[in-house]
Amino acid sequence: MNTDLIVAIVVSAIAYGTPLVLAGLGELLTERSGVLNLGVEGMMLMGAVTGFFVSQQLGGPGWAVLIVAMIVAAGAGGLMALIHAFLSITVRVNQIVSGLALTIFAGAVGLSSYVGQVWGIGGQHGLHQLNRVDLLGLGELPVVGPILFDQDPFVYLSWGLVVLVAWYLYRTRFGLYLRAVGESPRSADAMGINVTRYRYVHTVVGGALAGLGGAYFTLAIAPIWTDGLTAGAGWIAIALVIFAFWRPDVLLIGAYLFGALSSLGFTLQAHGVQMPSEFFSSLPYLMTVVVLAGASTTLARRRIGTPASLGVPYAREEG
Amino acid sequence: MSGHVEAGPTSTGTATAGLVPAVAAAGVTKRFAGGVVANDRVSFDARRGEVHALLGENGAGKTTLCNILTGLYRPDEGEVQVNGSPARLHSPHEAQRAGIFMVHQHLSLVDSLTVAENVVLGWSRHRGLRYSPRQVEAEIAEIAARYRMQVDPRARIWQLSLGERQRIDILKALYRDATILILDEPTTVLTPSETEQLFSSVREMVAAGRSVVFISHKLPEVLAIANRITILRKGRSVTTVDAAGVDARELARLMVGHDMPAGRVRRAANGSGAAPADQRGVLELESVCADGDFGVQVLRDVSLSVRPGEIVGIAGVAGNGQRELAEVIAGLRSHTRGTVRVDGSELRGGDPRAAINRGIAYVPEDRMGTGVSPSLSVTENLLLKSYRRDAPHAGPLLMMDRADTQSLALMEQFDIRTRGPHALVRQLSGGNVQKVVLARELSSQPRVLVAASPARGLDVGATEYVHGVLVDTARRGVGILLISEDLDEIVELSDRIAVLYEGRIVGIVDAAQASYEQLGMMMAGAA
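Please read these numbers as outputs of a predicted model, since none were measured by experiment.

**Some words on the overall build of chain A**
Here's step 1: When its secondary structure is counted, chain A shows 14 helices and two strands.
Here's step 2: Out of the 319 residues belonging to chain A, those deemed buried represent 47%.
Here's step 3: Within chain A, contacts between residues separated by at least 24 positions form 77% of all contacts whose residues are at least 6 apart in sequence.

Pasting the structure below:
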């Protein structure tokens, strides 16, 4: 293996990992508040389709169109998450059922596919695409240049968000309250923390980040819309949160690891290494299964810090 | 360190101390769904610089009252006053702003966070977004030193003992300048030396002008720490007394009430027909020890014997080992030492099937969880214990028609009122559910029946029925161990009464002669 190949692998790992970083950070925030959102895949698809639609419709300078498209995509994800928040926090339906229902509702044969058809954007070639930005003119440096300084704005945004979320969780009062709400809503309530508000806010923000992650597919990776183009990235994001022990820094590394596995087949092929690409594209899912199985033992749950109230609705005068 | 002599920041001049109560409940009533009145016109007041004890048995309404004082529940009638004026306490947050803090029985700390993080949870001395661990840790160390508490601000809660956790909860309140601290049965989780430490911290707090509401059912410690004592009984505040002017005997009398309500008689007084005292017990426990759910020893050298035809009552305040005792006998919990014998031969611990085979029937306290399987039908629930032996079957197949016929007979015999053997148990009323449990347990011709709070939550008619079944069962020669927090029930039905206190049997008395005062003293650890 030469250096070029390694750089190529890392660069494509970042490309494929970025939607996972965004959606994973969102799910991390949601789960830290004690809400399990299995609707990530559906929210990503809604973000992808609405983002692409807006970028096709709006006129104006490309960068402005793309920013609006990203905001709309985040809004679409957030709106979906608001449904999940209402169902699971206010009505207290089973969170697994609610999340699955949303993914099926919005998924590849559901709402996202429907609006894609109604808007007639399938098969359109994208007018705008987020391009790489050579940061500080350092993109030409060997090895680190293409990896660190020649990425699209989404990637820089995701890096910023990782730092921001980590700082928020561990160095602000609100982050502390959030961790408490996810661990022990009763204690948090007794301390005067508004459990319902925390859960709503972090579920909606989580959904918005999932929408943004979805939009990365249609605005950055390839500017086209096809049904179900996220191809299970939402599920990988959920597994990733567990894999990362609910920590943003580990999540970033994990996302790139999963991204590398997703893209390894293509990258190797492009460099003349003959391996069946199906084998590599199945690897992230295999790894997901392994991680989920390993993390679900009681001992592991304790040690890695699963939010203790994850998936459990909270009601004050019960129990 | 000399810091501890400074008065607390909330200490106001002593001129007004004691005149206006720091906190008071005035005619507070709280009802719950199902018609339970947990607080019935309860009144009490705690002065500044005072330790005011709320004394009462389990179910007397202490915890409900505190949940009202701390804003978790709203009273249906009456009001809470802070510094003499009515206070709106609609959430824990509002109560805390009024200076009221509670150290909960189920401590409200977040396990995975550090001590410092828990202390600033919900409120910090520092406004603004940032949370600085180092700064908070220093502040905590300072408060801990002032009140002479040993605390490591960086430890995570799950690493601490229960006693240490309680200290953190108190520290948390002090960090927020609590003026009124409510301690809910604080000594339950403490060792004697930790209790001493707690008491000296409490004395420092009241010396600094704070008020402490101290909830307990243990007489010695109430007398040791309180200035005044309000006694709660069955949801009502009976009276408030000066701790200096009463003794344990008087308190016990106030706590458990005078005597049995009119119209009820002691079965033991009429000669119950139990086997003579020299006959061998059908169930014998010898020096039985067992651990609780958290690995702490909860049963200590329990020795006891139940003779055929005898009802032995286990009295005590909840949480003194009753549940564990029942579980040990039913084979649901292993004992760590001692022996359990049925009909003279030893019973292996922790094996429910062995217990069933040896003729132990068990009516558990947790009726819907352990007693029945709520989503199965009456017939299926009746079969649950006998499927292995007596259930009508053809090879491996149950013959449900015949099982239904059997259960119809049992439904008639035990007066189970429902639309039929296929009704799901969760659709039945509490009384009928308990009858299903009794029918199943007694149809297996047991030698011993362990009944834990068998009438809890039942209406008058069902209670009477259940009591009647117990008496009849004893008459047929079954030895019954009746575990209950309802002292009236115990006294009414038992031949002998054993009192459990902190996992020990502190006395066994003849039910015909037992006085409520004497039992109350034993239950509160003052005998």
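**Considerations on the sheet that holds strand 12 (residues 297-306) of chain B**
Residues and elements named next belong to chain B.
Here's step 1: Judged by pairing direction, the sheet is antiparallel, and its four strands sit side by side in the order 12-11-14-15 without closing on themselves. Looking at which strands have only one partner, the edges of the open sheet turn out to be strand 12 and strand 15 (345-346).
Here's step 2: Pairing geometry for strand 14 (residues 337-342) and strand 15, over two bridges, is antiparallel. Along strand 15, the bridge assignment pairs Val342 with Ser345.
Here's step 3: Sitting on the sheet, helix 9 (residues 322-330) touches strand 11 (283-291), strand 12 and strand 14, and the angle it makes with strand 12 is about 60°.

**Describing the sheet that holds strand 22 (residues 504-510) of chain B**
Residues and elements named next belong to chain B.
Here's step 1: Strand order in the open sheet made by the six strands is 16-19-20-13-21-22, with mixed pairing throughout. Looking at strand neighbours, the two that pair on one side only are strand 16 (360-363) and strand 22, the edges of this open sheet. Pairs of neighbouring strands in the sheet enclose a mean axial angle of 20°, with direction left out of account.
Here's step 2: As judged from the six bridges shared by strand 21 (residues 496-501) and strand 22, these two strands associate in the antiparallel manner. Counted as the bridge partner of Leu500 is Ile505 from strand 22.
Here's step 3: Against the sheet, helix 14 (residues 430-442) makes contact with strand 16 and strand 19 (448-452), and its axis sits at roughly 175° relative to strand 16, the strand it touches most.
Here's step 4: Across the face of the sheet, helix 15 (residues 460-475) comes into contact with strand 13 (311-315), strand 19 and strand 20 (479-483) while running at roughly 150° to strand 20.

**Comments concerning the packing of helix 3 (residues 62-90) of chain A against helix 10 (residues 195-221) of chain A**
Residue and element names in this part refer to chain A.
Here's step 1: Contact geometry for helix 3 and helix 10: axes closest at 6 Å, N-to-C directions at 140°. Classified by the interaxial angle, the pair formed by helix 3 and helix 10 is oblique. The two elements helix 3 and helix 10 cross, and the hand of that crossing is right-handed.
Here's step 2: Here the contact of helix 3 with helix 10 is built from residues that sort into 18 nonpolar, ten polar and one charged.

**A closer look at the environment of Phe214 of chain B**
All names here are of chain B.
Here's step 1: Mapping Phe214 onto the fold places it in strand 8 (residues 211-216).
Here's step 2: As for Phe214 and Leu55, which are separated by 159 residues in sequence, their C-alpha atoms are 8.4 Å apart.
Here's step 3: Not counting the four nearest positions on each side in its chain, Phe214 is found in contact with Val51, His52, Ala53, Leu183, Ile225 and Ala226.

**Side note on the nonpolar core**
Here's step 1: The biggest cluster of nonpolar side chains holds 167 residues, and the ones touching the most others in it are Ile182, Val450 and Leu482 of chain B.
Here's step 2: Look past the residues within four positions of Leu482 of chain B in its chain and what remains in contact with it is Ile311, Val312, Gly313, Ile314, Ala451, Leu470, Ile490, Leu493 and Ser494 of chain B.

**Thoughts on the confidence of the model for chain B**
Here's step 1: Per-residue pLDDT for chain B has a mean of 86; in total, 92% of the residues score no lower than 70.
Here's step 2: For residues 1-18 of chain B, every residue scores under 50 in pLDDT, and the model assigns this stretch 25 contacts once sequence neighbours within four places are set aside.

**Notes on the interface of chain B and chain A**
Here's step 1: Taken together, the contacts link 19 residues of chain B with 19 residues of chain A.
Here's step 2: In terms of residue count, helix 2 (residues 92-97) of chain B provides more of the side of chain B that touches chain A than any other element does, three residues in total.
Here's step 3: Partitioned by chemical class, the residues of the side of chain B that touches chain A number nine nonpolar, seven polar and three charged.

**Concerning the pairing of strand 13 of chain B**
Residues and elements named next belong to chain B.
Here's step 1: A large share of strand 13 lies buried, amounting to five of its five residues.
Here's step 2: Here strand 13 shows two buried faces, one formed by Ile311, Gly313 and Ala315 and the other by Val312 and Ile314.
Here's step 3: Relative to strand 20, strand 13 is paired through four bridges, and the arrangement is parallel. Counted as the bridge partner of Val312 is Leu481 from strand 20.
Here's step 4: As paired elements, strand 13 and strand 21 share four bridges and run parallel to each other. Bridged to Ala315 within strand 21 is Val499.

Basis of the calculations
- The written sequence of each chain sets the order in which its residues are numbered from 1.
- Labels are handed out in written order, letters beginning with A for the chains and numbers beginning with 1 for the ligands.
- Given that the model is predicted, a residue must reach a pLDDT of at least 70 before its local features are reported, and side-chain atom pairs must reach 80 or more before they are shown or counted; all residues, however, enter totals for whole chains, interfaces and linings.
- Secondary structure follows DSSP: runs of H or I at least 4 residues long count as helices, runs of E at least 2 residues long count as strands, and numbering of each begins at the N terminus.
- Put plainly, a residue is buried at 20 or more neighbouring C-beta atoms within 10 Å of its own, exposed at 12 or fewer, and partly exposed in between, counting only other residues' C-beta atoms, which are placed from the backbone.
- Note that contacts rest on C-beta atoms placed from the backbone: two residues are in contact if these are within 7 Å.
- When DSSP finds at least two bridges between two strands, those strands are taken to pair.
- Lines are fitted to the C-alpha atoms to define the axes, a helix being fitted only along its stretch in contact, and any angle between axes, read from their N-to-C directions, falls within 0 to 180 degrees.
- Relative orientations are named as follows: roughly parallel for angles under 35 degrees, roughly antiparallel for angles over 145 degrees, roughly perpendicular for angles from 65 to 115 degrees, and oblique for any other angle.
- Take the far helix as your reference; a near helix turned counterclockwise from it by less than a right angle gives a left-handed crossing, and one turned clockwise gives a right-handed crossing.
- When residue character is reported, Ala, Val, Leu, Ile, Met, Phe, Trp, Tyr, Cys and Pro are called nonpolar, Asp, Glu, Lys and Arg charged, and the others, Gly included, polar.
- Think of a nonpolar core as buried Ala, Val, Leu, Ile, Met, Phe, Trp, Tyr and Cys residues, each tied to the set through C-beta atoms within 7 Å.
- Within a predicted model, pLDDT stands for the predictor's per-residue confidence, ranging from 0 to 100.

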